[in-house]
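Chain by chain, the residues:
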Amino acid sequence: MSNEATSVNPFETAKQQVDIVADLIGLDPGMRSVLKAPKRELTVNFPVRMDDGSYRVYTGYRVQYNMARGPTKGGIRYHPQVTLDEVRALAAWMTWKCSVVNIPYGGAKGGIICDPKHMSKGELERLTRRYASEIGPIIGPEMDIPAPDVYTDSQTMAWIMDTYSMQKGYSVPGVVTGKPISLGGSEGRGEATGRGCAYVIREAAKYSGLHMKGATVAVQGFGNAGSVASKILFDEQGAKIIAASDTKGGVLNPEGMNPHALEDHKQKTGSVVGFPGAKPITNEQLLETPCDVLIPAALENQITRKNADKIQAKLVAEAANGPTLPEADKILFERGITVLPDVLANAGGVTVSYFEWAQDIQGFFWSLEEVNRRLEQVMVRSYEDVHRIAKEKKVHNRTAAYVLGVQRVVDAIRLRGIYP
Ligand code: NAD
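Computed from a prediction, not measured in an experiment: that's the story for all the values here.

## Topic: the pairing of strand S3 (residues 72-79)
Counting buried positions along S3 gives 7 out of 8 residues, so the element sits mostly inside the fold. Assessed by its sense of winding, the connection that carries the chain from S3 through helix H4 (residues 84-100) to strand S4 (residues 106-113) is right-handed. Note: S3 against strand S5 (residues 144-148), 5 bridges, orientation parallel. The residue bridging threonine 72 from the neighbouring strand is aspartate 144, located in S5.

## Some thoughts on the domain arrangement of the protein chain
Partitioning the protein chain into domains gives domain 1 (3-183) and domain 2 (192-345). Placing a centre on the C-alpha atoms of domain 1 and another on those of domain 2 gives a separation of 27 Å. Buried surface at the junction of domain 1 and domain 2, summed over both partners, amounts to about 920 Å²; 56% is from carbon and sulfur atoms. Put simply, domain 1 and domain 2 have 1 residue pair in polar contact (both at pLDDT 80 or more) between them. Elements that contribute at least two residues to the side of domain 1 that touches domain 2 include exactly helix H1 (3-6) and H4.

## A word on the pairing of strand S1 (residues 40-49)
Here 10 bridges tie S1 to strand S2 (residues 55-66), and the two strands are oriented antiparallel to one another. When the sheet's bridge partners are listed, asparagine 45 is paired in S2 with threonine 59. Between S1 and S2, which pair antiparallel in sequence order, lie 5 residues; one of them, glycine 53, sits at a positive phi of approximately 95°.

## Details of helix H13 (residues 348-362)
Three or four residues apart is the spacing at which side chains of an α-helix point the same way, because the helix has 3.6 residues per turn. When the terminal C-alpha atoms of H13 are compared, their 21 Å separation across 15 residues agrees well with the 21 Å that a helix rising 1.5 Å per residue should span. Most of H13 is tucked away: 12 of the 15 residues are buried. Of the residues making up H13, those classed as buried are Gly348, Gly349, Val350, Thr351, Val352, Ser353, Phe355, Glu356, Trp357, Ala358, Gln359 and Asp360. Check the buried side of H13 and you find it contacts S3, H4, S5, helix H7 (192-208) and helix H14 (368-393). One or two positions beyond H13, positive phi appears at glycine 363, with a value near 65°.

## Considerations on the pattern of salt bridges
On inspection of all chains with the given rule, the structure shows 33 salt bridges. In this structure, lysine 15 and glutamate 12 form a salt bridge, with 3.5 Å as the shortest nitrogen-oxygen distance. Remark: glutamate 12 and lysine 15 occur in helix H2 (residues 10-25); sequence separation between them is 3 residues, near one turn of the helix. A relative accessible area of 40% places glutamate 12 in the partly exposed class.

## Quick word on the site of the ligand
Near the ligand lie 20 residues; those nearest to it are Thr193, Asn224, Ala225, Asn283 and Asn321. Within the backbone of threonine 247, a nitrogen or oxygen atom sits 3.2 Å from an oxygen atom of the ligand. Between asparagine 321 and the ligand, the recorded distance is 3.0 Å, taken from a side-chain N or O atom to an oxygen atom. Compared with its free state, where it exposes 820 Å², the ligand has 72% of that area covered by protein. Taken together, the elements giving at least two residues each to the shell around the ligand come down to helix H8 (224-237) and strand S7 (240-246). The residue makeup of the shell around the ligand, split by class, is 7 nonpolar, 10 polar and 3 charged.

About the cut-offs
Note that residues are indexed from 1 along each chain, following the sequence as it is written. A pLDDT threshold of at least 70 governs which residues receive local features in this predicted model, and a stricter bar of 80 or more applies before side-chain atom pairs are shown or counted, although totals over entire chains, interfaces and linings include all residues. To get the side-chain values, all heavy atoms of the structure are used, and hydrogens and water are removed first. Exposed residues in this analysis have more than 50% of their type's maximum accessible area, buried residues have under 20%, and partly exposed residues fall in between, with area computed by a 1.4 Å probe over protein chains only. Runs of H or I in DSSP of at least four residues are treated as helices and runs of E of at least two as strands, each being numbered from the N terminus. Looking down the strands as they point away from the viewer, one classifies a crossover as right-handed if the path from the first strand across the helix to the second runs clockwise. DSSP-based pairing: two strands are paired if at least 2 bridges between them are found. Each domain's extent is set by a domain assignment, obtained either automatically or from a database. Each of two parts loses accessible area, computed with a 1.4 Å probe, when they are put together; buried area is these two losses added. Pairs of N or O atoms are called polar contacts if they sit within 3.5 Å, as long as, within protein, a hydrogen donor faces a hydrogen acceptor (for residues adjacent in sequence, only side-chain-to-side-chain pairs). A helix is expected to span 1.5 Å for every residue after the first. Whether two residues touch is decided by their heavy atoms; if any such pair falls within 4.5 Å, the residues are in contact. Counted as salt bridges are all cases of a side-chain nitrogen of Lys or Arg within 4 Å of a carboxyl oxygen of Asp or Glu. If a single non-hydrogen atom of a residue is within 4 Å of a molecule or strand, that residue counts as near it. Under the convention used here, a 1.4 Å probe and the Shrake-Rupley method define accessible areas, while residue burial counts only the protein chains that appear. Each residue receives one of three labels: charged for Asp, Glu, Lys and Arg, nonpolar for Ala, Val, Leu, Ile, Met, Phe, Trp, Tyr, Cys and Pro, and polar for the others, Gly being one of them.

Dropping the structure here:
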């Protein structure tokens, strides 16, 4: 990552974004300060018994940013560089994201400072269970519902669900989403982010006069979100996947690559690199590849003011969270490149998490077709809402999405009033 990227404090960015929207919709200073302050933050320091018998103390966070629209929702991240400000920013973004797609949640996020790549499964289980019990008093299906994020998965969610349930004395599947299907997970959750992203791309293409059949697509980060989006664009919309990458490098084939074969290759060899018929490219080159649709699906801070004027895509669909820095946004907008912002383009994941929670609390489960049909409805409606505001206010889609998301939160705060 560049110095520019690492020196950005994500919570400062999140607060600046609120100010931009507040100016546009004319919010008073009091409401601005409510929107810029996380409602509740819990820091926990707790010991974990390591495999060699020693103890280590870990620090974890859970931030519930705003609950005006409902219980809070957001993932839990395990990473050595987790900071409280990062968790606050991610919790703020979850608030706006849930609001943009109009699901009845506020936003939250959690994290533990740890290096999961160097921990055994047993150590990770003890870490997870102790963290779950430390944050236990402030989570629950009616209060705050965690989900997986970077380096946590359905197994992590199963441990949290079990720990919480043991303490209650009965099973509470709705305390987390992203669980294994056998424990109350939802059909379609695994591919929801990529699928939702593909639906939003399809809608945006219609408005931009871009034909998806034969459209060229470059994907940075051929992981869960990136590979699923590629497969759906290829299978259902006839798009041509011309470039893809991962941490080891990228591949380019202007004739197009079959994303299913590319995934098999990645599974066998550990990387997309070396895919037959494609030539090697770097991640920087991938971002600057001439294409119709660019999907950043890896990390934050990838499109900066240094490379924004070299992007040669018509549409940029942010499957990743925060891949574009604010200065880069401006450059892309001025160059007429349509950006589908993260709070819209990757909201399919949290939308199907909402469906999972709704199924858990009813104890009544839906078919995959039902899940995908409802997901499509939410994504199409949300795209149209954002697009309409962008046109009305003559702003780029990110600002339009924030206007929509923040305005709904403001309306809820005003209707509820300030307690007491
Ligand atoms: P993942 O780990 O499955 O995939 C990430 C991919 O990016 C991997 O292939 C990895 O090799 C690659 N990668 C990492 N660093 C890279 C770099 N510097 N250059 C190129 N490739 C790189 O993760 P994921 O779940 O697909 O998440 C990817 C992004 O999407 C993250 O920003 C995440 O927050 C966001 N997202 C995911 C979901 C979800 O449901 N999975 C939901 C919302 C947002």
